[in-house]
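# Structural features, examined
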Amino acid sequence: FWLKPLGRRQRPGAHQWLPASPLEGLDRMQNDEGRIVDLYLPRKCSATNRLIPAKEHSAVQLNVGQVDENGRFTGEFYTFALAGFIRSRGESDACLNRLLHEKGLLTFSK
């Protein structure tokens with residue numbers, strides 16, 4: 001559906017196909033409700049709101065689970081993504097502390 005034959009210079013009987021466009025055909029991706037959905041949704045860094053490219057291997061994604069008063073996992077969790085930029089500067093622990101404090105998961109006692 002996203003391939004088209006080469007131009008007129010191809011010899012008869014040759015079946016050579018090239019992609020028409022990398023984005024062609026993506027508008028046909030729909031869910032059961034008829035809404036258009038994308039195949040790839042890029043992640044954003046929770047600390048800086050920068051987009052995390054698909055090929056960035058130094059980025060991490062953490063799921064922090066909620067626990068009840070007995071310390072048992074409740075099934076709920078918060079997801080945080082940290083870009084490699086933050087990790088390479090050595091600020092990931094400070095950023096994660098800030099994010100956890102904003103969600104009310106970490107308190108700073110004096």
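Structure: see above.
Here goes a summary of the coordinates provided. (Residues numbered from 1 in each chain as written. Predicted model: local features only at pLDDT ≥ 70, side-chain atom pairs only at ≥ 80, totals over all residues. Heavy atoms only, no water.)

## What about the pattern of salt bridges?
Under the definition given, this model contains two salt bridges. Between Arg89 and Glu91 there is a salt bridge; the shortest N-O distance is 2.8 Å. Arg98 is the salt-bridge partner of Glu102, the closest N and O atoms lying 3.1 Å from each other. With a gap of four residues between them, Glu102 and Arg98 both fall in helix α2 (residues 92–102), about one helical turn apart. On the accessibility criterion, Glu102 (55% relative accessible area) is exposed. For Arg98, a relative accessible area of 34% gives the class partly exposed. (Salt bridge = Lys/Arg side-chain N within 4 Å of Asp/Glu carboxyl O. Helix = DSSP H or I, 4+ residues; strand = E, 2+ residues; numbered from the N terminus. Buried < 20%, exposed > 50% of the residue type's maximum accessible area, 1.4 Å probe, protein only.)

## Some details on the environment of Arg43
Looking at where Arg43 falls in the secondary structure, it is placed in strand β3 (residues 43–44). Relative accessible area serves as the criterion here: at 30%, Arg43 is assigned to the partly exposed category. Arg43 sits 40 residues away from Ala83 along the chain, and the two C-alpha atoms are 9.3 Å apart. Those residues in contact with Arg43, other than ones at most four positions away along the chain, are Arg50, Leu51, Ile52, Ala59, Val60 and Gln61. For Arg43, the side chain forms a polar contact with the side chain of Gln61, separated by 3.1 Å. (Contact = heavy atoms within 4.5 Å. Polar contact = N/O pair within 3.5 Å; in protein donor to acceptor, adjacent residues only side chain to side chain.)

## Quick look at the environment of Tyr78
As for its placement among the helices and strands, Tyr78 is situated in strand β6 (residues 73–82). Residues Tyr78 and Gly65, 13 residues apart in the sequence, show an inter-C-alpha distance of 6.4 Å. Each residue touching Tyr78, except ones within four places of it in the same chain, is listed here: Leu62, Asn63, Val64, Gln66, Lys103 and Leu105.

## Concerning unusual backbone geometry
Trans peptide bonds make up most of the peptide bonds, and negative phi angles are found at most residues other than glycine. Phi at Asn49 takes a positive value of approximately 65°, unusual for a residue other than glycine. Of note, Asn49 is situated in the loop between β3 and β4 (51–52). Among the residues examined, Asn49 registers a relative accessible area of 53% and is labelled exposed.

Note that every value here comes from positions in space, so none of it alone points to a role or purpose.
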